[in-house]
Amino acid sequence: MSIRAIIVDTAGTTTDLNFIQDVLFPYSRTAMAEFLEQNQHNVLVDCCISDIKDIALEQDASLARVTEILQQWIDEDRKVTPLKTLQGLIWKQGYNRVDFTGHIYPDFIDSIERIKEKGIRIYSFSSGSVEAQKLLFSHSDSGDLTPSFSGHFDSRTGNKLDKQAYCNICNTISLKPKQILFVSDVAEELKAAAAAGMTTCQMLRFAGQRQADCKKVTSFNELNFD
């Protein structure tokens, strides 16, 4: 059965993990207090603040305390939807100010047209919000890549380590699991995708990665769709 869609992970697969950890995370941590102060009455931000208080079981938390909780979650790399939403909003501010541009591996950029010419749809799936993914790809070092994508998925689709998330994606894009290739650097994510019936491939960018039981490549240029 031929591949009809490719789903790419972001951190460690299409973008350098160091860009996420050394640029984006510290930026959101530093900007969080001022951003919440200025935007606390925005409906979306207010909803996120309420969700954070619920998750932390601190209903009476002050804005300063909410900021502390969020900064701790950033330090712990917690995959919490309201945090990811707020980070996306803060990064949007940073991209618009050109405080940074989005790092994308050149081999992925080089492969986009080749993938599309095969009639294969491209999606991304990240624990970062859909908004954050769109920002990354639209403000990349090579310009706006978003027109090449058919869609994006985040934690609202499900946990990336959970088989059900990948079943949900199959249903959303109306393809059989085997028609979908999932590319990630994380062995546990690939295992979950394979359990849902997807075709999988591990991206090995660095030495010492925990290896999955599937095909492995070190570049998108090595992917063959014939």
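Small disclaimer: the values here were computed from a predicted structure and weren't measured. (Residues numbered from 1 in each chain as written. Predicted model: local features only at pLDDT ≥ 70, side-chain atom pairs only at ≥ 80, totals over all residues. Heavy atoms only, no water.)

A. Region of the structure containing the overall build of the protein chain. Looking only at helices and strands, one finds eight helices and six strands in the protein chain. Helices and strands appear in the protein chain in the N-to-C order β-α-α-α-α-α-β-α-β-α-β-α-β-β. On C-alpha atoms alone, the protein chain measures out to a radius of gyration of 18 Å, which is about the 17 Å that the 2.2 N^0.38 rule sets for 226 residues. Its C-alpha atoms give the protein chain principal-axis dimensions of roughly 55 × 35 × 35 Å. Each of the 226 residues in the protein chain was classed as buried or not, and the buried ones make up 51%. By sequence separation, contacts in the protein chain at least 24 residues apart represent 65% of the contacts at least 6 residues apart. Accessible surface for the protein chain amounts to roughly 10,700 Å². Of this, 48% is attributable to carbon and sulfur atoms. Of the side-chain charges in the protein chain, 24 are positive and 30 negative, and the distance between the mean point of each set is 8 Å. (Helix = DSSP H or I, 4+ residues; strand = E, 2+ residues; numbered from the N terminus. Rg over C-alpha atoms; globule rule 2.2 N^0.38 Å. Buried < 20%, exposed > 50% of the residue type's maximum accessible area, 1.4 Å probe, protein only. Contact = heavy atoms within 4.5 Å. Areas by Shrake-Rupley, 256 points an atom, 1.4 Å probe, with all protein chains shown as cover. Lys, Arg positive; Asp, Glu negative; His and termini not counted. Charge placed at Lys NZ, Arg CZ, Asp CG, Glu CD.)

B. Quick peek at the nonpolar core. If you look at the biggest cluster of nonpolar residues, it comprises 48 residues, and the most contacted ones within it are Ile6, Leu36, Leu70, Leu86, Trp91, Phe108 and Leu223. Sorting elements by how many residues they give to this core places helix H1 (residues 17-39) first, with nine residues. Not counting residues within four places of it along the chain, the set of residues in contact with Ile6 comprises Ile115, Ile120, Arg121, Ile122, Tyr123, Leu181, Val183, Phe220, Leu223 and Phe225. If you look at the next biggest cluster of nonpolar residues, it comprises 21 residues, including Ala165, Ile180, Leu190 and Met198. (Core = buried A, V, L, I, M, F, W, Y, C linked by side-chain atoms within 4.5 Å.)

C. The arrangement of the packing of aromatic side chains in detail. Within this structure, the stated rule accounts for 11 aromatic pairs. Plain terms: the ring middles of Phe25 and Trp91 are 6.3 Å apart, the flat faces sit at 5° to each other, and that makes the pair stacked. One end of the pair, Phe25, is in helix H1; the other, Trp91, is in helix H4 (residues 81-96), with 66 residues separating them in the sequence. Taking the centre distance of 6.2 Å and the plane angle of 45° together, the rings of Phe108 and Phe149 count as tilted. (Phe/Tyr/Trp six-rings, centres within 6.5 Å; stacked < 30°, edge-to-face > 60°.)

D. Examining the sheet that holds strand S2 (residues 121-125) more closely. Spatially, six strands are ordered S3-S2-S1-S4-S5-S6 in an open sheet, and the strand pairing comes out parallel. Here the strands that pair on one side only, and so sit at the sheet edges, are strand S3 (151-153) and strand S6 (215-217). Neighbour-to-neighbour, the strand axes of this sheet turn through a mean angle of 25°, independent of strand direction. Two elements, strand S4 (residues 180-184) and strand S5 (residues 199-203), share four bridges in a ladder whose sense is parallel. Following the sheet pairing, Leu181 is matched in S5 by Thr199. Of the strands in this sheet, S2 and S3 touch helix H6 (residues 130-138), which is tilted by about 130° from S3. Packing of helix H8 (residues 187-195) onto the sheet brings it into contact with S4 and S5, and relative to S5 it is tilted by some 170°. (Pairing = 2+ DSSP bridges. Axes fitted to C-alpha atoms, helices over the stretch in contact; angles between N-to-C directions.)

Functional significance is not addressed by these values, which are geometric in nature.
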